[in-house]
Amino acid sequence: MSPDDSCGRVCSRGLYSCHWKHSSIPKRKHALCWFSVVTVVSLLSLSWMYICLVTFNDRDDVNWEGFANLKRWVNWFMVLIIISAVLTSYCVLLLLFALVQVALGEPLNLHWLHKIFLFFGVIFITFGVTGICLKWQREWPTVPLSLQATAPFLQFGAVAALTLLSLFVFQGFHMAEGKWSKFLIAVIFVVLSAAIFLCPLCIHSPCLIEPNKLPEKPKLFGHRGAPMLAPENTMMSFNRSIACGVTAFETDVQLSKDRIPFLMHDNNPGFLRRTTNVKEKFPNKDFSHSTNLTWKELQSLNAGEWFLKTDPFHSVSKLSEEEMETARNQTIPSLLQLLHLAKQHNVSVLFDLYSSNQENDTVDTVNTILSSGIDPSLVLWLPPAEREYVNKTAPGFTQIYDNESVMLNKGGDHLNMKYSKFSSKEIRHLRSRRVTVNLWVVNEGWLFSLLWCAGASSVTTNSCHLLKDMDGPDWVMAPLTYTIIWITVDIVSILIMTALFILKWDRQAKKQYFNLERERTVSLLIHRVVCPTFSATKMT
């Protein structure tokens, strides 16, 4: 077997250019341009995959938006993750094959089918980014926030990748024709290396603190109970959250036709369709608003079967047969039922009030709370519309605000905000002023760790069963320790790359020397053969 037909060469050549046999076709004019395209699309796909992974915390928002538009519950975010993972794997593998082609000295003739796939990959990423900009713009702050948790380790990975790829860069540098080509390669590589080596100067993370200065672990608020373990906003869900050690129930309140406050999150037209069997139970009845149904009619609905059918968090398989049966028989609970449970276990209650008639609904809701006998301090009052009435009627309620300036104007000291609204510095500043800060909705360990390091008082979560088992943040590192590791990694990388460059230069020099010697030898042999022949001919 000739060197050109070795297994590695054949596989690399075939998968990149679909030429399984060694081709005598010279390098195509735009081969390097397409190599650059493969590199750029690979970096784009990796960046897109990173965005998908860090926004996975809020996947339920995407699924809910899909249901609101299509009236069908599908885990759309998981579909997006799978497609993105396939695209990223394809692009990265294609880039690896291209690098192997360079290392083996094979021509970079990218097959037309790969070009089409790359084009569709760019279109997919473009649509994804556009979709976030138009429909999910509030999610963009999550990306820079996530870098506070991942940047130190991404930098280490980037240094390792740079060190490995430097071998290919040095080879390209020595093979480049002309001084300007070499100069361009050298400048780009040096600038990129400097950016990677020095980027820790711009990295700031709340977890870069002395371990003995780590704040207290944030308390857990059960978002609609424990919706990963039971149907949301059901008594089973709230009971499961008690087992997680939550200090507050977070829920949503609406009022029925006969003025009974009940628990239900969805409040748009057709609001009962996602989590109940209202369409089958009342096919000819209007259920676009909570006041269209009486409490008796609401109680007759099944609020658990949908959870087993759709499995929104891929957690149903972890339930026992008994738990599945309990979930299957859940109904819509009243606010009074939840208050009795909270009173029994000394758990606070935080809720939104969805209503088109805030004044009357606030009065009925406050009366229901006062009649339950719960300790008023356990009621975390969030609805802003009738706050003055609530303060006057039930002064013992804890007032919660969703706006910092309003809170300061009212002399409050409790905030309930989306986790991306505050920086770590702002959270620490608020906590230093004895303001209680609850952040929602926090489901992933990396995000919980980041907010823990920042000093958040509590978080509202769907995954209380996972966060309760965390004994500490994913990582905490003293600033001096990180600086030592950063400098050490950079120095080791520079030494390795220097050694590789010297070896490559030495090898190239020897190769040039042997080529010159071979040319001289061939020239001498030709001279010795030609000259005697010429002399003999002349004598004759």
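Residues numbered from 1 in each chain as written. Predicted model: local features only at pLDDT ≥ 70, side-chain atom pairs only at ≥ 80, totals over all residues. Heavy atoms only, no water.

**Quick look at helix 7 (residues 179–198)**
Over its 20 residues, helix 7 runs 28 Å from end to end, which matches the ideal 28 Å to within 8%, given 1.5 Å per residue. Those residues of helix 7 not exposed but buried are Phe189, Ser193, Ile196 and Phe197. Projection of helix 7 onto a plane perpendicular to its axis shows the buried side chains occupying an angular sector of 90°, all on one side. Exposed positions of helix 7 whose direction lies more than 90 degrees from the buried face are Lys179, Trp180, Leu184, Ile188 and Val191. (Helix = DSSP H or I, 4+ residues; strand = E, 2+ residues; numbered from the N terminus. Expected span 1.5 Å × (residues − 1). Buried < 20%, exposed > 50% of the residue type's maximum accessible area, 1.4 Å probe, protein only. Arc of directions from axis to C-beta.)

**With respect to the pattern of salt bridges**
Overall, the coordinates contain 15 salt bridges when judged by the stated rule. With its nearest N and O atoms 3.4 Å apart, the salt bridge here joins glutamate 444 to arginine 59. Of this pair, glutamate 444 sits in the loop between strand 8 (436–440) and helix 18 (445–454) while arginine 59 sits in helix 3 (residues 59–70), and the two are 385 residues apart along the sequence. With a shortest N-O distance of 3.3 Å, arginine 224 and glutamate 232 are connected by a salt bridge. Judged by its relative accessible area of 8%, arginine 224 is buried. Here the salt bridges share partners, and the residues they tie into one network are Arg224, Glu232, Asp252, Asp266 and Arg274. (Salt bridge = Lys/Arg side-chain N within 4 Å of Asp/Glu carboxyl O.)

**Observations concerning the state of the cysteines**
Evaluation of the coordinates by the stated rule reveals 1 disulfide. What pairs with cysteine 207 in a disulfide is cysteine 453, and their sulfur atoms sit 2.3 Å apart. Because the sign of the S-S torsion sets the handedness, a value of about 95° for the bond joining cysteine 207 and cysteine 453 places this disulfide among the right-handed ones. Here cysteine 207, found in the loop between helix 7 and strand 1 (219–223), pairs with cysteine 453, found in helix 18; they are 246 residues apart in sequence, far enough to count as distant. Each member of the pair, cysteine 207 as well as cysteine 453, carries the same accessibility label: buried. (Disulfide = S-S within 2.5 Å.)

**A short note on the packing of helix 4 (residues 76–104) against helix 5 (residues 112–135)**
Between helix 4 and helix 5, the least distance of the axes is 11 Å, while the angle of their chain directions is 140°. Taken together, helix 4 and helix 5 sit at an angle that is classed as oblique. Crossing handedness for the pair helix 4 and helix 5: left-handed. Judged by residue contacts, Leu80, Ile83, Ser84, Leu87, Tyr90, Cys91 and Leu94 of helix 4 engage His114, Phe117, Leu118, Gly121, Phe124 and Ile125 from helix 5. Looking at the contact of helix 4 with helix 5 residue by residue, the class counts come to 10 nonpolar, 3 polar and no charged. (Axes fitted to C-alpha atoms, helices over the stretch in contact; angles between N-to-C directions. Parallel < 35°, antiparallel > 145°, perpendicular 65-115°, else oblique. Left-handed = near helix turned anticlockwise from the far one by under 90°. Contact = heavy atoms within 4.5 Å. Nonpolar A, V, L, I, M, F, W, Y, C, P; charged D, E, K, R; others polar.)

**Side note on the layout of surface pockets**
A probe matching the size of a water molecule, rolled over the atoms, marks out where space remains unfilled. By volume, the largest pocket is sized at about 2300 Å³. Phe35, Thr39, Leu165, Val169 and Leu192 are the residues nearest the centre of the largest pocket, which is lined by 50 residues in total. Of all the secondary-structure elements, those providing two or more residues to the lining of the largest pocket are helix 2 (31–54), helix 4, helix 6 (142–175) and helix 7. Broken down by element, the residue count for the lining of the largest pocket peaks at 17 residues, all from helix 6. When grouped by side-chain class, the residues that make up the lining of the largest pocket number 36 nonpolar, 11 polar and 3 charged. Roughly 1400 Å³ of internal volume is contained in the second largest pocket. Lining the second largest pocket are 48 residues; nearest its centre among them are Asp60, Asp61, Val62, Trp136 and Arg138. Elements represented by at least two residues in the lining of the second largest pocket include exactly helix 2, helix 3, helix 4, helix 5, strand 2 (248–255), strand 4 (348–353) and strand 7 (414–418). Take the lining of the second largest pocket: its biggest share by element is 9 residues, from helix 3. (1 Å grid on protein atoms, 1.4 Å probe; cavity = no way out; pocket = protein on both sides within 12 Å on 5 of 7 lines; lining within 4 Å. Points joined across faces, edges and corners; volume = space filled by probe spheres on them.)

**Quick word on the UniProt feature "transmembrane region" (unreviewed entry) in the chain**
Following the UniProt record, the feature "transmembrane region" (unreviewed entry) maps to residues 31–56, 76–104, 116–137, 149–171, 183–203 and 480–503 here. This span, residues 31–56, is 92% helix and 0% strand, and a straight line between its end C-alpha atoms measures 37 Å. Between the end C-alpha atoms of residues 480–503 there is a gap of 35 Å, over a span that is 100% helix and 0% strand. (UniProt positions renumbered as here; feature names shortened; annotations may be inferred.)

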